[in-house]
Amino acid sequence: MAAPTNSTAPQTGAQAVIASAVDPARRPDVLLRKRRDEGHEISAWWMVGAFVAVSAAVVSLLSWVPGGS
């Protein structure tokens, strides 16, 4: 059973929470997070490639550390 909506009464409960909700991706204190338009999301392969590149860089830099065999 749906409650009748009354535009003159103040919103309470979940309606008030949803109406005043702030998109977490738009908060100024959240760094490096940006909501993109549909179809403009970053490909997961960029993250895979970044992981491989960082891992290769770490391994190559660790090869310069003396004492390894």
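Residues numbered from 1 in each chain as written. Predicted model: local features only at pLDDT ≥ 70, side-chain atom pairs only at ≥ 80, totals over all residues. Heavy atoms only, no water.

**Description of the overall build of the protein chain**
Helix and strand counts for the protein chain come out as two helices and zero strands. Expressed as a percentage of its 69 residues, the buried residues of the protein chain come to 3%. A total accessible area of about 6,900 Å² is found for the protein chain, and carbon and sulfur atoms account for 65% of it. (Helix = DSSP H or I, 4+ residues; strand = E, 2+ residues; numbered from the N terminus. Buried < 20%, exposed > 50% of the residue type's maximum accessible area, 1.4 Å probe, protein only. Areas by Shrake-Rupley, 256 points an atom, 1.4 Å probe, with all protein chains shown as cover.)

**Here's the deal with a nonpolar patch on the surface**
Taken together, the side chains of Trp45, Val48, Phe51 and Val52 define a hydrophobic patch exposed on the protein surface, amounting to about 490 Å² of accessible area. On the accessibility criterion, valine 52 (48% relative accessible area) is partly exposed. (Patch = residues over 30% accessible without salt bridge, like charges linked within 9 Å, V, L, I, M, F, W, Y side chains within 5 Å. Salt bridge = Lys/Arg side-chain N within 4 Å of Asp/Glu carboxyl O.)

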